[in-house]
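# Structural characterization, general
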Amino acid sequence: METWRLIESPPGRGDWNMAVDAALMESVAAGGACCLRFYTWSEPTVSLGYFQEYAARQTHPASAACPLVRRATGGGAIVHDRELTYSVVVPADHPLVSPPPELYQVLHRTLVAALAEWHICAALCDDSSHVPVAEEPFLCFQRRASGDVILGGAKIGGSAQRRRRGAILQHGSVLLARSLAAPELPGLAELGGKLIQAAELGQAWRAHLAHDGMIDWQSALLTESESQQASQIAHETYRGADWTFRR
Amino acid sequence: MKPETLLFSKTHEWVHVETDSTGAKVATIGISAFALEALTDLVYIELPKVGRTLKTGEAFGEIESVKAVSDLYSPVDGAVVATHDSLANELESLPSDPYGNGWLVKIKLSDETALQELMDYAAYQKQCAEEGH
(Lines give C-alpha, C1' and ligand atoms only; values in the text may rest on other atoms or scores of the structure.)
Protein backbone atom coordinates (compact mmCIF):
# COMPACT_ATOMS: atom_id res chain seq x y z
CA MET A 1 0.00 0.00 0.00
CA GLU A 2 1.13 3.54 -0.73
CA THR A 3 0.10 6.41 1.54
CA TRP A 4 -1.41 9.41 -0.23
CA ARG A 5 -2.57 12.70 1.24
CA LEU A 6 -6.33 13.21 1.03
CA ILE A 7 -7.32 16.87 0.99
CA GLU A 8 -10.97 17.86 1.14
CA SER A 9 -11.15 21.56 0.44
CA PRO A 10 -14.01 23.91 1.26
CA PRO A 11 -15.70 25.67 -1.68
CA GLY A 12 -13.23 28.08 -3.28
CA ARG A 13 -12.90 30.76 -5.94
CA GLY A 14 -11.61 29.77 -9.36
CA ASP A 15 -8.21 31.40 -9.03
CA TRP A 16 -7.69 29.82 -5.59
CA ASN A 17 -8.76 26.36 -6.71
CA MET A 18 -6.37 26.41 -9.68
CA ALA A 19 -3.56 27.87 -7.58
CA VAL A 20 -3.91 25.14 -4.95
CA ASP A 21 -3.56 22.48 -7.64
CA ALA A 22 -0.46 24.26 -8.93
CA ALA A 23 1.01 24.51 -5.43
CA LEU A 24 0.40 20.80 -4.84
CA MET A 25 2.16 20.07 -8.11
CA GLU A 26 5.22 21.98 -6.92
CA SER A 27 5.05 20.21 -3.58
CA VAL A 28 5.03 16.76 -5.19
CA ALA A 29 7.76 17.74 -7.68
CA ALA A 30 9.89 18.67 -4.66
CA GLY A 31 9.49 15.19 -3.21
CA GLY A 32 6.15 15.42 -1.38
CA ALA A 33 3.68 12.55 -1.14
CA CYS A 34 1.07 11.88 -3.83
CA CYS A 35 -2.22 13.55 -3.12
CA LEU A 36 -5.89 13.41 -3.99
CA ARG A 37 -7.93 16.55 -3.50
CA PHE A 38 -11.69 16.96 -3.71
CA TYR A 39 -13.10 20.44 -4.07
CA THR A 40 -16.10 22.51 -5.09
CA TRP A 41 -16.57 26.14 -6.14
CA SER A 42 -17.86 29.08 -4.12
CA GLU A 43 -19.86 30.34 -7.10
CA PRO A 44 -20.56 29.01 -10.62
CA THR A 45 -17.28 29.53 -12.47
CA VAL A 46 -16.12 28.96 -16.03
CA SER A 47 -12.68 27.43 -16.44
CA LEU A 48 -11.16 27.83 -19.86
CA GLY A 49 -8.82 25.20 -21.32
CA TYR A 50 -5.20 26.32 -21.45
CA PHE A 51 -5.14 26.78 -25.22
CA GLN A 52 -8.69 28.09 -25.68
CA GLU A 53 -9.24 31.64 -26.85
CA TYR A 54 -10.90 33.95 -24.33
CA ALA A 55 -13.20 35.27 -27.05
CA ALA A 56 -14.70 31.81 -27.43
CA ARG A 57 -16.75 32.34 -24.27
CA GLN A 58 -18.97 34.63 -26.30
CA THR A 59 -20.33 31.51 -27.94
CA HIS A 60 -21.82 30.42 -24.61
CA PRO A 61 -24.18 33.15 -23.32
CA ALA A 62 -25.63 31.00 -20.51
CA SER A 63 -22.34 31.27 -18.58
CA ALA A 64 -21.54 34.86 -19.56
CA ALA A 65 -22.18 36.20 -16.04
CA CYS A 66 -19.89 33.65 -14.38
CA PRO A 67 -16.36 34.56 -13.32
CA LEU A 68 -13.70 32.92 -15.46
CA VAL A 69 -10.34 31.33 -14.77
CA ARG A 70 -7.93 29.82 -17.28
CA ARG A 71 -6.74 26.34 -16.36
CA ALA A 72 -3.19 25.01 -16.74
CA THR A 73 -4.69 21.93 -18.36
CA GLY A 74 -6.05 21.59 -21.86
CA GLY A 75 -9.38 20.67 -23.34
CA GLY A 76 -12.64 22.59 -23.46
CA ALA A 77 -14.32 25.00 -21.06
CA ILE A 78 -16.08 23.72 -17.95
CA VAL A 79 -18.91 25.41 -16.07
CA HIS A 80 -18.12 24.43 -12.49
CA ASP A 81 -21.36 24.57 -10.58
CA ARG A 82 -23.24 21.51 -9.43
CA GLU A 83 -20.28 19.18 -9.64
CA LEU A 84 -17.53 17.40 -7.75
CA THR A 85 -14.05 18.40 -8.84
CA TYR A 86 -10.94 16.37 -8.06
CA SER A 87 -7.24 16.71 -8.55
CA VAL A 88 -4.55 14.06 -8.30
CA VAL A 89 -0.85 14.90 -8.22
CA VAL A 90 1.81 12.21 -8.55
CA PRO A 91 5.55 12.23 -9.31
CA ALA A 92 6.37 12.08 -13.02
CA ASP A 93 7.85 8.61 -12.60
CA HIS A 94 4.94 7.14 -10.62
CA PRO A 95 3.71 3.70 -11.80
CA LEU A 96 0.23 5.15 -12.39
CA VAL A 97 1.59 7.28 -15.23
CA SER A 98 3.47 4.51 -17.00
CA PRO A 99 1.90 4.47 -19.50
CA PRO A 100 0.38 7.96 -19.06
CA PRO A 101 -3.28 7.02 -19.79
CA GLU A 102 -3.33 4.70 -16.77
CA LEU A 103 -3.99 7.60 -14.40
CA TYR A 104 -7.13 8.51 -16.37
CA GLN A 105 -8.22 4.93 -16.49
CA VAL A 106 -7.86 4.26 -12.78
CA LEU A 107 -9.73 7.46 -11.81
CA HIS A 108 -12.51 6.92 -14.32
CA ARG A 109 -13.06 3.21 -13.77
CA THR A 110 -13.23 3.76 -10.01
CA LEU A 111 -15.73 6.56 -10.57
CA VAL A 112 -17.86 4.13 -12.59
CA ALA A 113 -17.58 1.62 -9.75
CA ALA A 114 -18.52 4.25 -7.17
CA LEU A 115 -21.61 5.31 -9.15
CA ALA A 116 -22.74 1.69 -9.26
CA GLU A 117 -23.35 1.99 -5.51
CA TRP A 118 -26.28 4.22 -6.45
CA HIS A 119 -27.27 1.74 -9.21
CA ILE A 120 -26.10 4.22 -11.82
CA CYS A 121 -24.66 2.35 -14.79
CA ALA A 122 -22.06 4.70 -16.22
CA ALA A 123 -19.44 3.47 -18.69
CA LEU A 124 -16.17 4.54 -20.27
CA CYS A 125 -16.36 6.11 -23.71
CA ASP A 126 -14.61 4.13 -26.42
CA ASP A 127 -15.07 6.79 -29.06
CA SER A 128 -11.76 7.43 -30.78
CA SER A 129 -13.12 9.50 -33.69
CA HIS A 130 -11.02 12.54 -34.49
CA VAL A 131 -12.72 15.95 -34.55
CA PRO A 132 -10.70 18.82 -36.10
CA VAL A 133 -9.60 21.31 -33.46
CA ALA A 134 -11.53 24.17 -35.03
CA GLU A 135 -14.74 22.15 -34.87
CA GLU A 136 -14.50 21.13 -31.22
CA PRO A 137 -17.40 22.46 -29.09
CA PHE A 138 -16.61 25.19 -26.55
CA LEU A 139 -17.65 23.04 -23.59
CA CYS A 140 -15.52 20.12 -22.47
CA PHE A 141 -18.62 18.09 -21.64
CA GLN A 142 -19.80 18.33 -25.24
CA ARG A 143 -16.52 16.86 -26.46
CA ARG A 144 -15.68 13.16 -26.46
CA ALA A 145 -12.41 11.38 -25.86
CA SER A 146 -11.71 7.76 -25.25
CA GLY A 147 -12.01 7.02 -21.54
CA ASP A 148 -14.50 9.78 -20.69
CA VAL A 149 -17.27 8.70 -18.30
CA ILE A 150 -20.59 8.43 -20.11
CA LEU A 151 -24.13 7.93 -18.87
CA GLY A 152 -27.13 7.63 -21.14
CA GLY A 153 -25.07 8.92 -24.05
CA ALA A 154 -23.98 12.07 -22.20
CA LYS A 155 -20.56 12.79 -20.74
CA ILE A 156 -20.73 13.14 -16.96
CA GLY A 157 -17.04 12.80 -16.07
CA GLY A 158 -13.82 13.96 -17.72
CA SER A 159 -10.23 14.75 -16.82
CA ALA A 160 -7.15 16.50 -18.16
CA GLN A 161 -3.46 16.46 -17.27
CA ARG A 162 -0.62 18.94 -16.94
CA ARG A 163 2.79 17.35 -17.18
CA ARG A 164 5.79 19.19 -15.82
CA ARG A 165 9.23 17.96 -14.91
CA GLY A 166 8.90 16.15 -11.62
CA ALA A 167 5.11 15.93 -11.30
CA ILE A 168 1.88 15.27 -13.13
CA LEU A 169 -1.38 16.98 -12.23
CA GLN A 170 -4.66 15.46 -13.33
CA HIS A 171 -7.89 17.17 -12.48
CA GLY A 172 -11.42 16.52 -13.56
CA SER A 173 -15.10 17.08 -12.93
CA VAL A 174 -18.20 15.01 -12.37
CA LEU A 175 -21.53 16.64 -13.19
CA LEU A 176 -23.87 16.04 -10.27
CA ALA A 177 -26.83 17.97 -11.70
CA ARG A 178 -27.71 20.38 -14.48
CA SER A 179 -26.48 23.95 -13.98
CA LEU A 180 -28.46 27.02 -15.00
CA ALA A 181 -25.19 28.31 -16.42
CA ALA A 182 -24.88 25.26 -18.69
CA PRO A 183 -28.45 24.08 -19.19
CA GLU A 184 -27.52 21.91 -22.16
CA LEU A 185 -25.56 19.54 -19.92
CA PRO A 186 -27.50 17.00 -17.86
CA GLY A 187 -25.87 15.58 -14.75
CA LEU A 188 -26.28 12.51 -12.60
CA ALA A 189 -29.54 13.85 -11.14
CA GLU A 190 -31.18 14.08 -14.54
CA LEU A 191 -29.58 11.01 -16.14
CA GLY A 192 -29.41 8.67 -13.18
CA GLY A 193 -32.37 9.93 -11.17
CA LYS A 194 -30.24 10.40 -8.03
CA LEU A 195 -29.20 13.68 -6.47
CA ILE A 196 -25.84 12.75 -5.00
CA GLN A 197 -23.96 15.18 -2.78
CA ALA A 198 -20.35 15.97 -3.67
CA ALA A 199 -19.07 14.76 -0.30
CA GLU A 200 -20.81 11.38 -0.48
CA LEU A 201 -19.63 10.75 -4.03
CA GLY A 202 -16.10 11.68 -2.97
CA GLN A 203 -16.28 9.23 -0.11
CA ALA A 204 -17.44 6.34 -2.30
CA TRP A 205 -14.97 7.19 -5.05
CA ARG A 206 -11.94 7.31 -2.78
CA ALA A 207 -12.86 3.91 -1.30
CA HIS A 208 -12.82 2.32 -4.75
CA LEU A 209 -9.65 4.21 -5.65
CA ALA A 210 -7.93 2.96 -2.50
CA HIS A 211 -8.78 -0.62 -3.40
CA ASP A 212 -7.91 -0.36 -7.10
CA GLY A 213 -4.74 1.70 -6.70
CA MET A 214 -3.52 0.08 -3.46
CA ILE A 215 -3.68 3.45 -1.72
CA ASP A 216 -3.91 4.24 1.97
CA TRP A 217 -5.45 7.67 2.62
CA GLN A 218 -4.07 10.09 5.15
CA SER A 219 -6.40 13.05 5.69
CA ALA A 220 -4.46 16.27 5.37
CA LEU A 221 -4.71 20.02 5.09
CA LEU A 222 -2.55 22.22 2.92
CA THR A 223 0.73 22.91 4.68
CA GLU A 224 1.54 26.49 5.62
CA SER A 225 4.07 26.57 2.82
CA GLU A 226 1.55 25.24 0.27
CA SER A 227 -1.05 27.81 1.38
CA GLN A 228 1.43 30.63 0.99
CA GLN A 229 2.53 29.34 -2.39
CA ALA A 230 -1.09 28.99 -3.55
CA SER A 231 -1.81 32.59 -2.49
CA GLN A 232 1.20 33.76 -4.46
CA ILE A 233 0.30 31.70 -7.55
CA ALA A 234 -3.32 32.91 -7.41
CA HIS A 235 -2.13 36.51 -7.26
CA GLU A 236 0.69 36.30 -9.79
CA THR A 237 -0.89 33.93 -12.32
CA TYR A 238 -4.56 33.05 -12.12
CA ARG A 239 -5.88 36.53 -11.29
CA GLY A 240 -3.64 38.18 -13.83
CA ALA A 241 -4.78 39.54 -17.18
CA ASP A 242 -1.62 38.17 -18.82
CA TRP A 243 -2.72 34.66 -17.93
CA THR A 244 -6.47 35.00 -18.42
CA PHE A 245 -6.32 36.83 -21.73
CA ARG A 246 -3.20 35.14 -23.08
CA ARG A 247 -5.21 33.87 -26.03
CA MET B 1 18.01 12.06 -39.26
CA LYS B 2 18.48 8.72 -37.63
CA PRO B 3 17.92 8.68 -33.86
CA GLU B 4 21.23 6.83 -33.45
CA THR B 5 23.01 10.05 -34.49
CA LEU B 6 21.23 12.25 -31.91
CA LEU B 7 21.58 13.10 -28.26
CA PHE B 8 18.63 12.93 -25.84
CA SER B 9 17.58 14.66 -22.63
CA LYS B 10 15.90 12.97 -19.68
CA THR B 11 12.77 14.98 -20.51
CA HIS B 12 12.56 13.40 -24.01
CA GLU B 13 13.90 16.19 -26.21
CA TRP B 14 16.41 15.22 -28.92
CA VAL B 15 19.40 17.35 -29.94
CA HIS B 16 21.42 17.54 -33.13
CA VAL B 17 24.42 19.89 -33.13
CA GLU B 18 25.89 21.39 -36.27
CA THR B 19 28.41 24.14 -36.99
CA ASP B 20 27.00 27.05 -39.01
CA SER B 21 28.82 29.15 -41.62
CA THR B 22 30.19 31.48 -38.93
CA GLY B 23 31.66 28.61 -36.95
CA ALA B 24 29.01 28.81 -34.23
CA LYS B 25 27.44 25.64 -32.85
CA VAL B 26 23.68 25.42 -33.46
CA ALA B 27 21.50 22.75 -31.82
CA THR B 28 18.32 21.56 -33.50
CA ILE B 29 15.78 20.41 -30.90
CA GLY B 30 12.78 18.12 -31.24
CA ILE B 31 10.66 15.64 -29.28
CA SER B 32 11.49 11.94 -29.32
CA ALA B 33 9.26 9.34 -30.93
CA PHE B 34 8.85 7.71 -27.51
CA ALA B 35 7.43 10.90 -26.02
CA LEU B 36 5.17 11.52 -29.00
CA GLU B 37 3.75 8.03 -28.71
CA ALA B 38 2.91 8.70 -25.07
CA LEU B 39 1.33 12.07 -25.89
CA THR B 40 -1.04 10.54 -28.49
CA ASP B 41 -3.14 12.92 -30.62
CA LEU B 42 -1.56 16.38 -30.70
CA VAL B 43 -3.74 19.49 -30.66
CA TYR B 44 -1.65 22.62 -30.07
CA ILE B 45 1.96 23.68 -29.77
CA GLU B 46 3.48 26.92 -28.58
CA LEU B 47 7.10 27.72 -29.39
CA PRO B 48 9.34 30.58 -28.19
CA LYS B 49 10.11 33.74 -30.12
CA VAL B 50 13.35 33.98 -32.07
CA GLY B 51 15.94 35.78 -29.97
CA ARG B 52 14.83 34.36 -26.61
CA THR B 53 17.71 33.20 -24.45
CA LEU B 54 17.32 29.83 -22.77
CA LYS B 55 19.10 28.07 -19.95
CA THR B 56 19.41 24.31 -19.77
CA GLY B 57 16.26 22.87 -18.22
CA GLU B 58 14.18 25.99 -18.83
CA ALA B 59 10.71 25.48 -20.32
CA PHE B 60 10.69 26.90 -23.86
CA GLY B 61 7.27 25.81 -25.07
CA GLU B 62 4.20 23.71 -24.51
CA ILE B 63 2.44 20.99 -26.41
CA GLU B 64 -1.14 19.87 -25.94
CA SER B 65 -2.40 16.43 -26.79
CA VAL B 66 -6.01 15.33 -26.46
CA LYS B 67 -5.66 14.88 -22.73
CA ALA B 68 -2.55 16.66 -21.49
CA VAL B 69 -0.53 19.85 -21.70
CA SER B 70 3.20 19.14 -21.40
CA ASP B 71 6.10 21.54 -21.00
CA LEU B 72 9.03 21.36 -23.42
CA TYR B 73 12.48 21.86 -21.88
CA SER B 74 15.64 23.23 -23.40
CA PRO B 75 18.45 20.67 -23.22
CA VAL B 76 21.07 23.37 -23.90
CA ASP B 77 22.08 26.98 -23.13
CA GLY B 78 21.76 29.52 -25.91
CA ALA B 79 19.59 31.81 -27.99
CA VAL B 80 16.72 30.74 -30.22
CA VAL B 81 17.66 31.45 -33.84
CA ALA B 82 14.78 29.66 -35.61
CA THR B 83 11.42 28.13 -34.77
CA HIS B 84 9.36 25.68 -36.80
CA ASP B 85 6.23 27.85 -36.86
CA SER B 86 4.43 25.94 -39.61
CA LEU B 87 4.35 22.90 -37.37
CA ALA B 88 1.32 24.34 -35.55
CA ASN B 89 -0.74 23.78 -38.70
CA GLU B 90 0.52 20.27 -39.37
CA LEU B 91 0.88 18.78 -35.89
CA GLU B 92 -0.68 15.50 -36.97
CA SER B 93 2.39 14.88 -39.14
CA LEU B 94 4.87 15.34 -36.28
CA PRO B 95 4.81 11.71 -35.08
CA SER B 96 5.51 10.43 -38.59
CA ASP B 97 8.83 12.29 -38.87
CA PRO B 98 9.91 13.31 -35.35
CA TYR B 99 13.63 13.41 -36.16
CA GLY B 100 13.31 15.32 -39.44
CA ASN B 101 10.44 17.65 -40.23
CA GLY B 102 9.39 17.39 -36.59
CA TRP B 103 12.14 19.74 -35.39
CA LEU B 104 10.89 22.49 -33.06
CA VAL B 105 13.61 25.10 -32.53
CA LYS B 106 17.23 25.84 -33.39
CA ILE B 107 19.36 27.22 -30.59
CA LYS B 108 22.75 28.89 -31.03
CA LEU B 109 24.81 27.52 -28.17
CA SER B 110 26.33 29.92 -25.67
CA ASP B 111 27.91 27.09 -23.71
CA GLU B 112 28.51 23.48 -24.70
CA THR B 113 28.75 22.08 -21.17
CA ALA B 114 25.15 20.82 -21.12
CA LEU B 115 25.82 18.55 -24.10
CA GLN B 116 27.92 16.34 -21.86
CA GLU B 117 24.85 15.59 -19.73
CA LEU B 118 22.81 14.29 -22.66
CA MET B 119 22.35 10.59 -23.45
CA ASP B 120 23.17 8.73 -26.62
CA TYR B 121 20.37 6.73 -28.23
CA ALA B 122 21.22 3.47 -26.46
CA ALA B 123 21.14 5.10 -23.03
CA TYR B 124 17.92 6.91 -23.91
CA GLN B 125 16.28 3.68 -25.03
CA LYS B 126 17.21 2.18 -21.69
CA GLN B 127 15.57 5.10 -19.88
CA CYS B 128 12.40 4.68 -21.94
CA ALA B 129 12.28 0.97 -21.17
CA GLU B 130 12.55 1.77 -17.47
CA GLU B 131 9.72 4.30 -17.75
CA GLY B 132 7.53 1.66 -19.34
CA HIS B 133 6.96 3.50 -22.59
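This text gives an overview of the structure that appears in the document. These figures come from a predicted structure and were not determined experimentally.

## Structural notes on empty space enclosed by the protein
Residue and element names in this part refer to chain A. If you walk through the whole model with that rule in mind, you get two cavities of 30 Å³ or more. Approximately 60 Å³ is the volume attributed to the largest cavity. The wall of the largest cavity is formed by Val79, Asp81, Arg82, Glu83, Leu175, Ala177, Arg178, Ser179, Ala182 and Leu185. Among the residues making up the lining of the largest cavity, the classes are represented as five nonpolar, one polar and four charged. Lining the second largest cavity, in full, are Met18, Asp21, Ala22, Met25, Ala72, Arg162, Arg164, Leu169, His171 and Tyr238. Counting only elements with at least two residues in the lining of the second largest cavity, the list comes to helix 1 (14-29), strand 9 (154-164) and strand 10 (167-175). In terms of residues, the lining of the second largest cavity owes the most to one element, helix 1, which gives four residues. When its residues are assigned to classes, the lining of the second largest cavity shows six nonpolar, one polar and three charged.

## Considerations on the pattern of salt bridges
With the rule as written, the count across this model stands at 16 salt bridges over all chains. A salt bridge links Glu62 of chain B to Arg162 of chain A, with the nearest nitrogen and oxygen atoms 3.0 Å apart. Here Glu62 of chain B, found in strand 6 (residues 59-65), pairs with Arg162 of chain A, found in strand 9, and the two come from separate chains. Pair check on accessibility: Glu62 of chain B and Arg162 of chain A agree, each one buried. Note that Glu58 of chain B is salt-bridged to Arg52 of chain B, the shortest N-O span being 3.2 Å. Taking the relative accessible area as the measure of exposure, Glu58 of chain B reaches 28% and is therefore partly exposed. When salt bridges that share partners are traced, they join Arg162 and Arg164 of chain A together with Glu62 and Asp71 of chain B into one network.

## A look at the interface of chain A and chain B
Facing 21 residues of chain A, the contacting portion of chain B comprises 18 residues. Regarding the contact of chain A and chain B, the summed buried area is about 1,800 Å², with carbon and sulfur atoms giving 49% of it. Here chain A is connected to chain B by five salt bridges. With a shortest N-O distance of 2.2 Å, Arg247 of chain A and Glu46 of chain B are connected by a salt bridge. If you look at where chain A meets chain B, you find 12 residue pairs in polar contact (both at pLDDT 80 or more). By residue number, the principal contributor to the side of chain A that touches chain B is strand 9 of chain A, which donates six residues. Grouping the constituent residues of the side of chain A that touches chain B by class yields eight nonpolar, six polar and seven charged. With three bridges joining them, strand 9 of chain A and strand 7 (residues 68-73) of chain B adopt parallel strand pairing. Residue pairing across strands places Gln161 of chain A opposite Ala68 of chain B, the latter belonging to strand 7 of chain B.

## Considerations on helix 4 (residues 198-213) of chain A
All names here are of chain A. Its 16 residues place the ends of helix 4 21 Å apart at the C-alpha level, agreeing with the 22 Å of an ideal helix rising 1.5 Å per residue. Among all positions of helix 4, only Ala198, Leu201, Gly202, Ala204, Trp205, Arg206, Leu209 and Ala210 are buried. A positive backbone phi angle near 55° is found at Met214, which sits one or two residues after helix 4.

## Some words on the sheet that holds strand 3 (residues 45-48) of chain A
All names here are of chain A. Ordered by their spatial adjacency, three strands build an open sheet running 4-3-5, and the pairing between neighbours is mixed. Each having just a single partner strand, strand 4 (68-70) and strand 5 (78-80) make up the two edges of the open sheet. Shown here is a sheet whose adjacent strand axes are inclined to one another by a mean of 25°, direction ignored. Sheet analysis places strand 3 next to strand 4, joined by three bridges and oriented parallel. If you follow Ser47 over to strand 4, its bridge partner there is Val69.

The rules we used
Residues numbered from 1 in each chain as written. Chains lettered and ligands numbered in written order. Predicted model: local features only at pLDDT ≥ 70, side-chain atom pairs only at ≥ 80, totals over all residues. Heavy atoms only, no water. 1 Å grid on protein atoms, 1.4 Å probe; cavity = no way out; pocket = protein on both sides within 12 Å on 5 of 7 lines; lining within 4 Å. Points joined across faces, edges and corners; volume = space filled by probe spheres on them. Nonpolar A, V, L, I, M, F, W, Y, C, P; charged D, E, K, R; others polar. Helix = DSSP H or I, 4+ residues; strand = E, 2+ residues; numbered from the N terminus. Salt bridge = Lys/Arg side-chain N within 4 Å of Asp/Glu carboxyl O. Buried < 20%, exposed > 50% of the residue type's maximum accessible area, 1.4 Å probe, protein only. Contact = heavy atoms within 4.5 Å. Buried area = accessible area lost by both parts, 1.4 Å probe. Polar contact = N/O pair within 3.5 Å; in protein donor to acceptor, adjacent residues only side chain to side chain. Pairing = 2+ DSSP bridges. Expected span 1.5 Å × (residues − 1). Axes fitted to C-alpha atoms, helices over the stretch in contact; angles between N-to-C directions.

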